[in-house]
Amino acid sequence: MASISLLNPKAEFARAAQALAINISAAKGLQDVMRTNLGPKGTVKMLVSGAGDIKITKDGNVLLHEMQIQHPTASMIARASTAQDDATGDGTTTTVMLIGELLKQADIYLSEGLHPRIMTEGFEKARDKALEVLDKVKVPVEINKKNLVEIANTSLKTKVHPALADLLTDVCVDAVLTIASDKTKPVDLHMVELMEMQHKTDTDTQLVRGLVMDHGARHPDMPKRLENAYILTANVSLEYEKAEVNSGFFYKTAEEREAFVRAEREFIDQRVKKVIELKRSVCDGTDKTFVLINQKGIDPISLDALAKEGILALRRAKRRNMERLALACGGTAMNSFDDLQEENLGYAGVVYEHVLGENKYTFVEDCKNPLSVTILIKGPNKHTITQIKDAIRDGLRAINNTIADKALVPGAGSFEVRAYNELVAFKDTIKGKSRLAVQAFADALLVIPKTLAVNSGYDAQDTIVKLTVEDRLNPDLVGLDLATGEPMKPVDLGVYDNYIVKKQILNSCSIIASNLLLVDEVMRAGMTSLKG
Amino acid sequence: MAHTREILSLQLGTYANYVGAHFWNQQEANFCYGDGDGDDQVAEEHLLHNDILYREGLNSHNRTTYTPRLVSVDLAGTLAHLPLGGELYGNFVQRDEELLPFGTGEDLNKTRQRVEESGVAPTSQLELQEEPPTQLSEYQRDLMKNSVVPDKDYQLAETVRSWPDFLYARYHPRSLNVLPGLARSPVHQTISTYSAGAALWEEASFNEELTDRIRLYIEECDGLQGFHLLFDIDDGFGGLAGKCLEHLNDEYGRASFVVPLHYPRATSYPQADSRLSHSIRVANTILSYHNLSEQATMFTPLSTLETIWRNTNLKSRTLSGLQWQPDNLYQTSGLLAAFLDTATLGYRLRNTPESLMRFCDRVTPSGRKMTAAGLALPLGVGEGQDLIEFLDQSGDHALLTQLSPGCEPGTSYVVQSVTARGIPLERLKRPREKAGDQMRMAAYGCDSVSQMLQLYYQCSYHGSVTNAASTPLPLKSQLPFPYEIFGAGMNSSGFRLPGEAEREPGLRVDSVPALAAIQNSTQLGEHLDNLHAQTHRIQLAKLLAYNNCSLERDEYETALDQLLEFRDLYADSQYL
């Protein structure tokens, strides 16, 4: 009897084999849910909630977030794969699959009496070997458009329809290449803004080499379209309001108050005048125009004054857009209007407004040397847009990972097949029972090509036999061609995975699986379970 | 150039959303569509200026919408039948086929077809996973079919499971936010501690989404005057609200009227016994009060309970002529919303020079930011009686019942703002020729309700300052307001019936006159003393060890010290 029951007779607990069974069944359950999503031929899930909310996804990470996971083991696995997503942006489904499979394979040996500790030791050895293999097969790549397209395409095809994936691939690669100043460092992905636009009839995703903002001018007389525009970005309040908020002042008479209000108004007017003066000095007599983008508010009186000068003014810009604007158009974001100079201004070839229902969008385009870009996603409804957005995020991460790694790993299950063969050979060099664990690890890796085959409608065993045999005969890696079901060389077809993703998967899966195997007691005791 | 002086409302927490739902229902009950509709006799300046709280929009079906300028945050599972994007802008599947022709929801098969056409998923690979549809409340079903029977008894008090069940108002897609993965629990508070709530705010994706929604609302405003912030103080939403308020002050620097709401129940927390639960509740309140004393322009704690501490049998406040179940969220939130709506009328009328800032300033002298709430509902004016007589006969009997737990502002040296509603000018006093006894009363010289109230309080409250405002618009108490709380002793317009007479059975109270006050006095210091007294019993060591509560001893002790300093502001009894 567990000691906990002496302290708390109502505590629920499960020991040894029972505890293991709980963990393994949970891992298997999660694996079953995610299995059908793996690979380009995996199914897309459309989730409809009780209230009618729609979510469409194929992304393991999104699915895991949507599921309300109650089981403690399952939620631990889910957290591991979410961490995988945070770290690398891909490979969540694979993580879940692999953990489940590791436990399944281990179960076979454990039920025959192998101690979990020996199992985990073997897993460690196998993992180190697999990482060695991974290092051997990785293909160093030059960072050029072709290579990036291949990696982004592989990642995106597992998330959306192939035709759409091709379109998104181009957009993602162009986005990263535009803002990458030197091609050796990963870019700051915050500098790629994702802007969504719900449009009844149109599904399209495009790259805007500039910035799209989700608000527009708030004055009817302001220009809707400007060319050759100076851009002033600022964080200066242009509204008369503060006075009342910081009212440490007390006035005796209405006149005093009036005077105070006038003085404060005067103060704001001065700021507006400074902007107008600058505009006049740089634009008058030329065909140049002027745009003011402010992070703080602009009140109607100030808007009116600016509109009279033909200045397009936007208020309450997103904080992060201040940084993006400076990178996209040049210039600096101003915190005060004292000492305004022409070199503080940015430049854009064209600035125009687009109205869609109650939403306004402002496009700042044709920038000289944009270091910040926007990906504009148009879709007929919210759920489509969200799915495309999730896919784009992953595509961008895949590209960024490649730039960081400067290496890729051939995809289509080829690495797993190679690792399997190597591990089987490696097994014989190990003494003692832990070689069984290495075998289990090798078998578990095959779940990836197996699932890929099953999801594409091919026979799992057939495929594995074909692939392993082919791999032994070939020095190059051999993967599964999902279109034909035959072995192929992923390098020839340009199917690549991220090195870091694979590495992370091997590491985290073996650790989580080991931890779960070593659990020999599960208990639940606490106030809530007592209360019932 | 006169422009609208907008207010943005925020509701954080489940109970806050209950109160909010009633509040918006009340706003829409007072809408009048076009001329000649509604109360013709109400003068223009006494009508509400709805644009202060509402925004006009256009949905994807090209229909104009008019929705609250609101940001709401709640737990998963509280939205019931309500899709996350609201019901006005589409983007959801109408699960109930009977309701398809109404509203903007789409047919499931059509949606599926469109998804396939849009190319995000090939036909053969789309796998549908449906949750069972959420049961729609009877009231909502009738509402959507546009066939609400005003006299039908929907038994809302018993059947309401969550606030969307009785929500008449419709929200904008930007309004609703759900905390991912945190589902509502029937037995305890899901997010237990202030610190846990504060940590939620820091979470990057949630924070970005929420602040962006706030920003988009404010971008639309020409003359934003401030914020109404309602939140649940008993659990982690206090921390969320604290962080949110800091953000609003940093970014926008406007007035904020903050209303912390106490659940009318003994709250319990996961993995905590009743003693630890008490400690958690005290600690949450202390941290919230500390934050509010620094960040808010004014805050008014609200609850229908008499006190929050050691109130095991849930002793409730009583309003004469009203009966409600002390722990019923639907009924109690209705009362609190009635208070909020009435008390804030002053600066929401058309052409009023009042502003939220001035309103707050006036009742918070010398940094006494905490104020107390008082409500008289129904006002108690008899059928056929005039206000002047009613006030004359009320004698020493207090009109108001306190709605802030453990706050008794007393009757002397009070600074207050009172708002009366539902007393038409002709009920003020009788005309000269029929005046009779009224002529001899001092108040006969008053020409408006607010003037008379001002005089009344001048006489009955020693050394006090009163600001009175009034409107003839009564509180509308038809469905979905909990009309069943009204006793039989009043007529259908909420005036007291003479003697023992009772209203005809079957007849409901449609509207009620009411009086609400926000008060401040030195005696509110006792409320803070009481809170401080609770801290002696607190099990700090256990509290610090409490799971997923990242409370630091230093943080707690600083808050406690500064709260005592805040209490000192209430010390000098002569100062006003």
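Residues numbered from 1 in each chain as written. Chains lettered and ligands numbered in written order. Predicted model: local features only at pLDDT ≥ 70, side-chain atom pairs only at ≥ 80, totals over all residues.

Trainee: Can you lay out the overall build of chain B for me, pointing to particular residues and giving the numbers?
Mentor: Helix and strand counts for chain B stand at 15 helices and 16 strands. Here the C-alpha atoms of chain B give a radius of gyration of 24 Å, agreeing with the 25 Å that 2.2 N^0.38 yields for 576 residues. Its C-alpha atoms give chain B principal-axis dimensions of about 90 × 60 × 50 Å. Here chain B holds 576 residues, and 50% of them are scored as buried. Put simply, of all contacts in chain B between residues at least 6 apart along the chain, 80% involve residues at least 24 apart. (Helix = DSSP H or I, 4+ residues; strand = E, 2+ residues; numbered from the N terminus. Rg over C-alpha atoms; globule rule 2.2 N^0.38 Å. Buried ≥ 20, exposed ≤ 12 C-beta atoms within 10 Å, placed from the backbone. Contact = placed C-beta atoms within 7 Å.)

Trainee: Can you tell me about the overall build of chain A, naming the residues and giving the values?
Mentor: From N to C terminus, chain A includes 20 helices and 18 strands. Taken along the three principal axes of its C-alpha coordinates, chain A extends 95 × 65 × 40 Å. Burial analysis of chain A (532 residues in total) assigns 48% to the buried set. Of the contacts made within chain A by residues no fewer than 6 positions apart, 77% connect residues no fewer than 24 positions apart.

Trainee: Mind laying out the sheet that holds strand β16 (residues 514–520) of chain B, listing which residues take part and the relevant values?
Mentor: Residue and element names in this part refer to chain B. Strand order in this open sheet of 5 strands is β11-β10-β16-β12-β13, and the pairing throughout is mixed. What marks the edges here is a single partner per strand, and that holds for β11 (401–402) and β13 (465–471). Relative to β11, strand β10 (residues 372–376) runs antiparallel, the two being bridged by 2 bridges. Paired with G374 across the two strands is Q402, which belongs to β11. Against the sheet, helix α9 (residues 329–343) touches β10, β12 (415–421) and β16, its axis set at about 80° to β16. (Pairing = 2+ DSSP bridges. Axes fitted to C-alpha atoms, helices over the stretch in contact; angles between N-to-C directions.)

Trainee: Could you give an account of the interface of chain B and chain A, naming the residues involved and the relevant values?
Mentor: Contacts between the two partners involve 59 residues from chain B and, on the opposite side, 48 residues from chain A. In terms of residue count, helix α2 (residues 108–118) of chain B provides more of the side of chain B that touches chain A than any other element does, 6 residues in total. Of the residues assigned to the side of chain B that touches chain A, the class counts are 27 nonpolar, 19 polar and 13 charged. As judged from the 5 bridges shared by strand β2 (residues 44–48) of chain A and strand β5 (residues 126–130) of chain B, these two strands associate in the parallel manner. What sits directly across from V44 of chain A, in β5 of chain B, is L126 of chain B. (Nonpolar A, V, L, I, M, F, W, Y, C, P; charged D, E, K, R; others polar.)

Trainee: Go over the sheet that holds strand β7 (residues 211–213) of chain A, please, and point to the residues and values.
Mentor: Residues and elements named next belong to chain A. With respect to topology, 6 strands assemble into an open sheet ordered β7-β12-β11-β8-β9-β10, the strand pairing being mixed. Every interior strand has two partners, whereas the edge strands, β7 and β10 (312–314), have only one. On average, each strand axis in the sheet is inclined to that of its neighbour by 35°, with strand direction left out of account. As paired elements, β7 and strand β12 (residues 359–365) share 3 bridges and run antiparallel to each other. Across the sheet, L211 pairs through a bridge with V364, a residue of β12.

Trainee: Account for the packing of helix α6 (residues 116–137) of chain A against helix α14 (residues 414–427) of chain A, naming residues and giving values.
Mentor: Residues and elements named next belong to chain A. Where α6 contacts α14, the two axes come as close as 10 Å, and the packing angle between them is 130°. Judged by the angle between their axes, α6 and α14 are oblique. For the pair α6 and α14, the sense of crossing is right-handed. Mapping the contact onto sequence places A126, K129, A130, V133, L134 and V137 in α6 and F415, R418, A419, E422, L423 and F426 in α14. Along the lines of polarity and charge, the residues of the contact of α6 with α14 split into 9 nonpolar, no polar and 3 charged. (Parallel < 35°, antiparallel > 145°, perpendicular 65-115°, else oblique. Left-handed = near helix turned anticlockwise from the far one by under 90°.)

Trainee: If you had to explain the nonpolar core to someone new, which residues and values would you point to?
Mentor: V19, L261 and F339 of chain B are the most contacted members of the largest nonpolar core, which has 148 residues in total. Considering every element that reaches this core, the biggest residue donor is α9 of chain B, with 9 residues. Setting aside anything within four residues of it in sequence, one finds F339 of chain B in contact with A373, L375, L403 and A516 of chain B. Grouped together as the second largest cluster of nonpolar side chains are 137 residues, L20, L168, Y499 and I505 of chain A included. (Core = buried A, V, L, I, M, F, W, Y, C linked by C-beta atoms within 7 Å.)

Trainee: Tell me about helix α7 (residues 145–157) of chain A, and please be specific about residues and values.
Mentor: Residues and elements named next belong to chain A. Between the first and last C-alpha of α7 there are 18 Å, a value that for 13 residues agrees with the 18 Å anticipated at 1.5 Å per step. Most of α7 sits out of view: 10 of its 13 residues are buried. Taken together, the buried positions of α7 are N147, L148, E150, I151, A152, N153, T154, S155, L156 and K157. Buried residues along α7 sit in contact with α8 (162–179), α13 (382–405), β14 (407–410) and β17 (496–498). (Expected span 1.5 Å × (residues − 1).)

Trainee: Any chance you could break down the domain arrangement of chain A for me, citing the residues and the numbers?
Mentor: Its domain assignment divides chain A into domain 1 (3–140 + 409–524) and domain 2 (210–369). Relative to domain 2 of chain A, the C-alpha centre of domain 1 of chain A lies at a distance of 54 Å. (Domains from an automatic or database assignment.)

Trainee: Mind laying out the pairing of β13 of chain B, listing which residues take part and the relevant values?
Mentor: Residues and elements named next belong to chain B. Summarising burial for β13: 6 of the 7 residues are buried, a large majority. With 7 bridges joining them, β12 and β13 adopt parallel strand pairing. When the bridges of β13 are listed, R421 appears paired with T471. The parallel pair β12 and β13, bridged by helix α12 (residues 449–460), forms a crossover whose chirality is right-handed. (Right-handed = clockwise from strand over helix to strand, strands pointing away.)

Trainee: Before we move on, could you go through unusual backbone geometry and cite the residues and values that matter?
Mentor: Cis geometry marks the peptide bond from L377 of chain B to P378 of chain B, where omega comes out at -5°. By secondary structure assignment, the location of P378 of chain B is in the loop between β10 and α11 (387–394). Even without being a glycine, K406 of chain A presents a positive backbone phi close to 55°. Locating K406 of chain A in the fold gives a position in the loop between α13 and β14. The phi dihedral of Q155 of chain B is positive, around 50°, even though this residue is not glycine. In this structure, Q155 of chain B sits in the loop between α3 (138–144) and α4 (156–159). Classification of Q155 of chain B as exposed rests on a count of 11 C-beta atoms within 10 Å.

Trainee: Could you give an account of the environment of N515 of chain A, naming the residues involved and the relevant values?
Mentor: Residues and elements named next belong to chain A. Along the polypeptide, N515 turns up in helix α19 (residues 499–518). Assessed through the 13 C-beta atoms surrounding it within 10 Å, N515 is described here as partly exposed. Expressed as a C-alpha distance, the spacing of N515 and P116, which sit 399 residues apart in the sequence, is 9.8 Å.

Trainee: Describe the pairing of β16 of chain B, listing the residues and the values that go with them.
Mentor: Residues and elements named next belong to chain B. In terms of burial, β16 is a largely internal element, 7 of the 7 residues being buried. Residues A514, A516, I518 and N520 point to one face of β16 and L515, A517 and Q519 to the other, with burial holding for every one of them. The sheet contact formed by β10 and β16 spans 5 bridges and is antiparallel. In the strand pairing of β16, G374 is matched with A517. Pairing of β12 with β16 involves 7 bridges; the strand directions are antiparallel. The residue of β16 that forms the bridge with Q416 is Q519.

Trainee: For the confidence of the model for chain B, give the residues involved together with the corresponding values.
Mentor: Close inspection of predicted coordinates is inappropriate in any region flagged by low pLDDT. Here chain B averages 84 in pLDDT, and 94% of its residues register 70 or above. Both scores are available for the predicted complex, with the pTM at 0.88 and the ipTM at 0.84. (pLDDT = per-residue confidence, 0-100.)

Trainee: I'd like a rundown of helix α4 (residues 72–88) of chain A, residues and numbers included.
Mentor: All names here are of chain A. Taking 1.5 Å per residue, 17 residues should reach 24 Å; α4 reaches 24 Å between its end C-alpha atoms and fits that length. Within α4, burial applies to T73, A74, I77, A78, S81, Q84, D85 and T88. The buried side chains of α4 occupy one side of the element, clustering within an arc of 140° when seen end-on. For α4, the exposed residues lying more than 90 degrees away from the buried face are P72 and D86. Positive phi appears at G89, one or two residues downstream of α4, with a value of about 85°. (Arc of directions from axis to C-beta.)

Trainee: Could you give me a rundown of the environment of G494 of chain A, with the residues and numbers involved?
Mentor: Mapped onto the elements of the fold, G494 of chain A is located in the loop between α18 (490–493) and β17. As for G494 of chain A and T154 of chain A, which are separated by 340 residues in sequence, their C-alpha atoms are 8.3 Å apart.

Trainee: Can you explain the environment of A152 of chain A? Please cite residues and give values.
Mentor: All names here are of chain A. When you line up the elements, A152 lands in helix α7. Residue A152 is classed as buried on the basis of its 27 C-beta neighbours within 10 Å. When the C-alpha atoms of A152 and K360 are compared, they prove to be 32 Å apart, with 208 residues separating the residues in sequence. With sequence-adjacent residues up to four places away left out, A152 is seen in contact with T169, C172, V173, G395, A398 and I399.

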